[in-house]
Amino acid sequence: MKQLKYIISILFVAFALGCSEDIGDTGFVDRAEAPKNITALFTISQDNTGNVSIAPHGEGIMSYEVYYGDATATPGTLAAGQKINHTYAEGSYTVKIVGIGITGKRTEAEFPITVAFVAPENLAVTITNVVGSPLMINVSAKADLETYFEVTYGDDPAAAPVQFNEGTTVSHTYAAVGTYTVTVTAFSGGAETTTYTQDVVISNPLTLPINFENSTLNYAFTVFNGAAASVINNPDASGINTSSKVAKVTPAAGQTWTGGYLTLDNPIDMTNHFFKMKVWSPQAGVPVLLKLENLTNSGISAEHIKYTTTANQWEELVYDFTGATGSYSKVVLFFNAGNPGTGDSYYVDDIVQSATGVEIGFPLTFEQSPNLTWNSFGGTAGSQATNPDQSGINTSMQVGKVLKTAGSQTWAGIAIPFDNVMDFSVQKKVKIKVWSPVAGAPVLMKFENMNPHVNADDIERTVNTTVANQWEELTFDFTGIDNSKNYKQLVLFFNFGVAGTGETYYFDDVKQSN
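Residues numbered from 1 in each chain as written. Predicted model: local features only at pLDDT ≥ 70, side-chain atom pairs only at ≥ 80, totals over all residues. Heavy atoms only, no water.

(A) Structural view of the overall build of the protein chain. For the protein chain, the helix and strand inventory stands at two helices and 34 strands. Expected size for 514 residues packed as a compact globule is a radius of gyration near 24 Å; at 46 Å, the protein chain overshoots this value by more than 25%. With respect to the three principal axes, the spread of C-alpha positions in the protein chain is 180 × 60 × 35 Å. Here the protein chain, with 514 residues, has 41% of them falling under the buried criterion. In the protein chain, 68% of the contacts between residues at least 6 apart in sequence involve partners at least 24 apart. Roughly 25200 Å² of accessible area belongs to the protein chain as shown, and the carbon and sulfur atoms make up 51% of that amount. Considering the protein chain, the positive charge centre built from 27 side chains and the negative charge centre built from 49 side chains are found 3 Å apart. (Helix = DSSP H or I, 4+ residues; strand = E, 2+ residues; numbered from the N terminus. Rg over C-alpha atoms; globule rule 2.2 N^0.38 Å. Buried < 20%, exposed > 50% of the residue type's maximum accessible area, 1.4 Å probe, protein only. Contact = heavy atoms within 4.5 Å. Areas by Shrake-Rupley, 256 points an atom, 1.4 Å probe, with all protein chains shown as cover. Lys, Arg positive; Asp, Glu negative; His and termini not counted. Charge placed at Lys NZ, Arg CZ, Asp CG, Glu CD.)

Dropping the structure here:
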């Protein structure tokens, strides 16, 4: 047993000596191979940011150095199994990856990559004229996958494009009126771009009066509730409107409160509170609403309704906005206001302001609440009144009324001064609709020479009524008069030469004719 114990002891000592020698030996590390089989996975972002994820792989590697191949001087470092991100500009690059082993041995490999950007998508450009600055426009844009925008305004080919970013509005002022092509380019950050072009009309300031004749003005209507509106050739160049261009407004069929408006470049000066406009309607009795509205606040507005009195011919409607003091930049039109549209078209022209209402003269009607001066004499009382007999040849709502009071003079009558001198050079006859309580009543029509009044120059004619209690039209022939005189006052005598008994006469639609 003692011998066996000795043998075991010798073996243990020998083993221990052998192990001690192996523990101190590092040569196996030095003999390790260099890294090998280096590869890399490149993931390129598709959002035009140029972001690239680099995931290197290899054998026998503890860490990596990544040389990006662009202007970046310092390489990226990462441990085995990690990824690293880098942002590139659009282009082609050679990426060098160095694998570093446990002994510090290095192995490198190169890999080509190409970073390409796609063209911006969903480009939307907004170009607006600036109210109050008719020569100026505002431009803004948005798009997907863009980095910035450039705009050229079309007026100066040598001008450098103006750059701007999404969310920014750039402005430009033109030197003259005209039509210009605005070009907006969306850049991807690389070679790919998306372009949008639009012709913009730069016009003179649109202000009152409006006659639709100026080709440099922007007469574009903003329509609502299905209406249509445009400027066209005058479909009926006759009567009081022989101009070339007018506006056509077609309310949407079946829709109420459908119309359009013009936006003026400056707020309306409300010093003159009367507004006049010529209208053409396919029917009489159609309500035409004129509304003045604030540029940005629709709650600041004023409106009035007038009714057409004739069909298929031009007439002038007058609106009294006395008391309206707001800041108004929109002229809003409703034809057949409050009623369902029938598909009929209406026409409008010569929207103007005036210090007074209807200009007193031919034709003389009473639908527009004219500011007539009723000079009654001899016991008469002249006034405007509701038509007592809307039938036959006169269905209008308002007429002139002359009350010949009991005991009034045989020469009692009324005189109405006109605003302008009457012209009998072409149309030498005057027609008037009359309603008389008796037939055979002599009606004397007289025109007085004014400025100053010279009795010797006055002209008069007499025509008798032929029916009682109904409307008829009488014609007075003034052929042969001296047209150089200042005929500015109309005088009417009903049942001339007979004292009044308290009877009432009515008249309407005094107009010249041949």
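Structure's up, so let's keep going.
(B) Geometry of the confidence of the model for the protein chain. Across the protein chain, pLDDT averages 90, with 93% of residues at or above 70. Per-element confidence in the protein chain is highest for strand S17 (residues 245-250), whose mean pLDDT is 98, and lowest for helix H1 (residues 2-23), whose mean pLDDT is 39. In the model, residues 1-24 has pLDDT below 50 throughout and makes zero contacts with residues more than four positions away in sequence or in other chains. (pLDDT = per-residue confidence, 0-100.)

(C) Summary view of the environment of Gln 353. Relative to the elements of secondary structure, Gln 353 occurs in strand S24 (residues 346-354). Its relative accessible area of 25% is what places Gln 353 among the partly exposed residues. A sequence separation of 271 residues divides Gln 353 from Gln 82, and the C-alpha atoms of the two residues are 79 Å apart. Excluding residues that lie within four positions of it along the chain, Gln 353 makes contacts with Leu 208, Ile 268, Asp 269, Met 270, Asn 272, Phe 274 and Phe 275. Engagement of the side chain of Gln 353 in a polar contact is seen with the backbone oxygen of Asp 269, the distance being 2.8 Å. Here the side chain of Gln 353 touches Asn 272 through a polar contact of 2.9 Å, landing on its backbone oxygen. (Polar contact = N/O pair within 3.5 Å; in protein donor to acceptor, adjacent residues only side chain to side chain.)

(D) Spatial organisation of the sheet that holds strand S13 (residues 178-187). Here we have four strands laid out as an open sheet, ordered S11-S10-S13-S14, and antiparallel in their pairing. Of all strands in the sheet, those bounded by a partner on one side alone are strand S11 (162-164) and strand S14 (193-202). Direction aside, neighbouring strands of the sheet carry axes that sit 25° apart on average. Pairing of strand S10 (residues 148-152) with S13, which is carried by five bridges, proceeds in the antiparallel orientation. (Pairing = 2+ DSSP bridges. Axes fitted to C-alpha atoms, helices over the stretch in contact; angles between N-to-C directions.)

(E) Quick peek at the pattern of salt bridges. Throughout the structure, instances matching the rule amount to 10 salt bridges. A salt bridge links Lys 446 to Asp 458; its shortest N-O distance comes to 3.7 Å. Taken together, the residues Lys 446 in strand S30 (residues 442-449) and Asp 458 in the loop between S30 and strand S31 (459-464) connect sequence positions 12 residues apart. Of the residues examined, Lys 446 reaches a relative accessible area of 15% and is grouped as buried. Of the charged contacts, one joins Lys 485 and Asp 457 as a salt bridge, the two residues approaching to 3.8 Å between their closest N and O atoms. Here Asp 457 lies in the loop between S30 and S31 and Lys 485 lies in the loop between strand S32 (471-477) and strand S33 (487-494), a separation of 28 residues in the sequence. Looking at Lys 485, the relative accessible area reads 25%, which means it is partly exposed. The network of salt bridges with shared partners includes Lys 291, Glu 293 and Lys 330. (Salt bridge = Lys/Arg side-chain N within 4 Å of Asp/Glu carboxyl O.)

(F) Inspection of the side chain of Gln 512 at higher detail. Mapping Gln 512 onto the fold places it in strand S34 (residues 503-513). Residue class for Gln 512 comes out buried when judged on its relative accessible area of 16%. A polar contact is formed between the side chain of Gln 512 and the backbone oxygen of Asp 423, at a distance of 2.8 Å. Only 2.9 Å separates the side chain of Gln 512 from the backbone oxygen of Gln 427, close enough to count as a polar contact. Apart from residues no more than four positions distant in its own chain, Gln 512 is found in contact with Phe 362, Asp 423, Phe 424, Gln 427, Lys 429 and Val 430.

(G) How the structure looks around the sheet that holds S30. The strand order across the open sheet formed by five strands is S25-S28-S33-S30-S31, and the pairing between neighbours is antiparallel. Every other strand in the sheet has two partners, leaving strand S25 (375-377) and S31 as the edge strands with one partner each. Across the sheet, the axes of successive neighbouring strands diverge by a mean angle of 20°, strand direction being ignored. Bridging between strand S28 (residues 413-417) and S33 involves four bridges; their strand directions are antiparallel. Considered in S33, the bridge of Ala 415 is made with Val 491.

(H) Seen up close, a nonpolar patch on the surface. Taken together, Ile 305, Tyr 307 and Met 397 make up a surface patch of nonpolar side chains, about 250 Å² in accessible area. Looking at the element boundaries, Tyr 307 is found in strand S21 (residues 301-307). A residue is classified by how much of its surface remains accessible, and Tyr 307, at 38% relative accessible area, is partly exposed. (Patch = residues over 30% accessible without salt bridge, like charges linked within 9 Å, V, L, I, M, F, W, Y side chains within 5 Å.)

(I) Structural context of the pairing of strand S19 (residues 274-280). Burial of S19 is extensive: seven of the seven residues sit out of reach of the surface. Where burial is concerned, the two faces of S19 agree: the one with Phe 274, Lys 276, Lys 278 and Trp 280 and the one with Phe 275, Met 277 and Val 279 are both buried.

(J) Summary view of the nonpolar core. Residues Ile 210, Ile 268, Phe 275, Met 277 and Phe 321 are the most contacted members of the largest nonpolar core, which totals 32 residues. Each residue touching Phe 321, except ones within four places of it in the same chain, is listed here: Met 270, His 273, Phe 275, Leu 290, Leu 292, Ala 302, Glu 303 and His 304. Within the second largest apolar cluster, 28 residues are counted, among which are Ile 360, Met 422, Phe 424 and Ile 481. (Core = buried A, V, L, I, M, F, W, Y, C linked by side-chain atoms within 4.5 Å.)

(K) Spotlight on the environment of Val 200. Tracing the sequence through the fold places Val 200 in strand S14. With residues up to four places along the chain from it excluded, the contact list for Val 200 reads Ile 127, Tyr 174, Gly 178, Thr 179, Tyr 180 and Val 182.

(L) Structural detail: the packing of aromatic side chains. Here the structure, examined in full by the defined rule, presents 27 aromatic pairs. Ring centres 6.2 Å apart and planes at 65° place the aromatic pair Trp 374 and Phe 507 in the edge-to-face group. Here Phe 507 lies in strand S34 and Trp 374 lies in the loop between S24 and S25, a separation of 133 residues in the sequence. The class of Trp 374 is partly exposed, set by a relative accessible area of 22%. (Phe/Tyr/Trp six-rings, centres within 6.5 Å; stacked < 30°, edge-to-face > 60°.)

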